[in-house]
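Summary of the model geometry
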Amino acid sequence: MKTPIDSPRRFLTSDGRTIYALCLEAFPRFYANVYLLDDGARRVLIDCGSVWESSNRNLVAGLASLETEYGVRIGLADLDAILITHGHMDHFGGLQFVRQHTAAPVGVHVLDRPILAHYEERVVVASQQLRVFLRRCGLSPQSQDGLMRMYSAPKSLYHSIEVEFLLAEGEPVLVPDGRGGAFDLGIEVIHVPGHCPGQVCLRIDDVMLTADHVLARTTPHQAPESITLNTGLGHYLDSLVKIAALPAPRVALGGHEQEIADGPGRAREIVGVHHERLAKIFDFCVEPRTTTEISRSLFGDLKGYNVLLGLEEAGAHVEYLHQRGKLVAANLEDLERDDSAVVRYRAR
């Protein structure tokens, strides 16, 4: 994610459709992939980068590079539809820029629709839940305030944008045509909650776009379901098993990093990583531990925004073990007296 990959790249599906991959600098020194599907009749942008200026600039330049590299001229004004794989800022934040250049309808899974269409409400609710989580982690009030400021800072750059149609597993992707009808994109939707409530993978013939569900090198970030419903490690592991059991695509294309030759195999690898992490936490909690202590045991002393990411990742694993009775709160008396007290977990 911190290293750009070759862009543009071109992939041909078994049915002769073309998928162009563009790499954007979604945030400073943090890169994301967007995809353009061209089937000869329709042009569909799949994800659109972040609200950051560099991301928007890269998107325009990437589309322009298709003419130089492949002799194909496609601009934002030529789009027939926009699909968003999940409601994280590095994948949908560019919508407000894209919307200045096209009226192509936007589609997303229903569980991520509020993130796009009721964004301001979503930020307030998620921030409140995050504040509760951080209080219980064992951080100082000053550290909590600092992490909340970092979390909130980029959120003010985006505003709500209407969603015109929904992506649903087992149903065709029908895009409104503006005349009371709709056209079918011929894309299979697979709902894989965990990393995000409405995260979807998209199968286009023998190619699968795995977004941030399965990545080539990185194990995608997890956060507790106590912050956002339908996230959490339990949902994510179930979704990985689901993807691993499907017929293998010829190639899988992630929301970051390079293509994946063996998508189901990589999904199984990620499951293994998380089970190893769960075992480490269980062993570490032979003595009562806070989520902050557990995060440091897994990831060391992190800096900046990575502190929040490490806490959320640790918190998702702690939540998974606690839900299944593997960890218990060792300081019930403290929690009875003060519902915002720091929780200390012990293995049982």
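As shown above, the structure is provided for reference.
Residues numbered from 1 in each chain as written. Predicted model: local features only at pLDDT ≥ 70, side-chain atom pairs only at ≥ 80, totals over all residues. Heavy atoms only, no water.

So, the overall build of the protein
We count it as follows: Numbered from the N terminus, helices here are DSSP runs of H or I no shorter than four residues, and strands are runs of E no shorter than two. Radius of gyration: C-alpha atoms only; globule rule: 2.2 Å multiplied by the number of residues to the exponent 0.38. Surface accessibility follows the Shrake-Rupley procedure with a 1.4 Å probe radius. Residue values consider only the protein chains on display as shielding. We count Lys and Arg on the positive side and Asp and Glu on the negative side, and we leave His and both chain ends out. Every charge is mapped onto a representative atom, which is NZ of Lys, CZ of Arg, CG of Asp or CD of Glu.
Scanning the protein from terminus to terminus reveals 11 helices and 15 strands. On C-alpha atoms alone, the protein measures out to a radius of gyration of 21 Å, which is about the 20 Å that the 2.2 N^0.38 rule sets for 348 residues. When its C-alpha atoms are laid out on the principal axes, the protein stretches across 65 × 40 × 40 Å. For the protein, the computed accessible surface area is about 15,100 Å², with 51% contributed by carbon and sulfur atoms. The distance from the centre of the 35 positive side-chain charges to the centre of the 45 negative ones in the protein is 5 Å.

Side note on the environment of Leu278
The line we're drawing: Exposure is judged per residue with a 1.4 Å probe applied to protein chains only, and the accessible area is read against the type maximum: over 50% gives exposed, under 20% gives buried, and values in between give partly exposed. We call two residues in contact whenever any of their non-hydrogen atoms come within 4.5 Å of each other.
Tracing the chain through its elements places Leu278 in helix 8 (residues 263-284). Given a relative accessible area of 5%, Leu278 falls into the buried group. C-alpha separation for the pair Leu278 and Tyr320, spaced 42 residues apart in sequence, amounts to 8.5 Å. Setting aside residues up to four positions removed in sequence, Leu278 forms contacts with Leu233, His317, Tyr320 and Leu321.

What to know about the sheet that holds strand 13 (residues 251-254)
Going by this rule: Following DSSP output, two strands are said to pair if at least two bridges run between them. For every element, the axis is a line fit to its C-alpha atoms; helices are fit only across the contacting stretch, and the angle between N-to-C directions ranges from 0 to 180 degrees.
In spatial order, the strands read 10-11-12-13; together these 4 strands make up an open sheet with mixed pairing. On the outer flanks of this sheet lie strand 10 (188-191) and strand 13, each paired with one strand and no other. In this sheet, adjacent strand axes meet at a mean angle of 25° when their direction is disregarded. Sheet topology note: the strand 11 (residues 200-204)/strand 12 (residues 207-211) ladder contains 3 bridges and is antiparallel.

Looking at unusual backbone geometry
Cis geometry is found at the peptide bond from Ser7 to Pro8, where omega equals 0°. Note on placement: Pro8 falls in the segment before strand 1 (9-12). Positive phi, close to 50°, is recorded for Ala211, a residue that is not glycine. Relative to the assigned elements, Ala211 resides in strand 12.

Some details on empty space enclosed by the protein
Heads up, the condition is: Residues are said to line a cavity or pocket when one of their atoms sits within 4 Å of a point; the points come from a 1 Å grid over protein atoms alone, cavities being sets where a 1.4 Å probe fits but cannot get out and pockets being open sets with protein on both sides within 12 Å along at least five of seven lines. Grid points are joined across faces, edges and corners, and a volume is the space filled by probe spheres set on the points.
One pass over the full model with this rule turns up 2 cavities of 30 Å³ or more. As a volume, the largest cavity reaches approximately 40 Å³. Lining the largest cavity are Arg203, Met208, Thr210, Ile243, Leu246, Pro247, Pro249, Ala252, Gly263 and Pro264. Broken down by secondary-structure element, the contributors of at least two residues to the lining of the largest cavity are strand 12 and helix 8.

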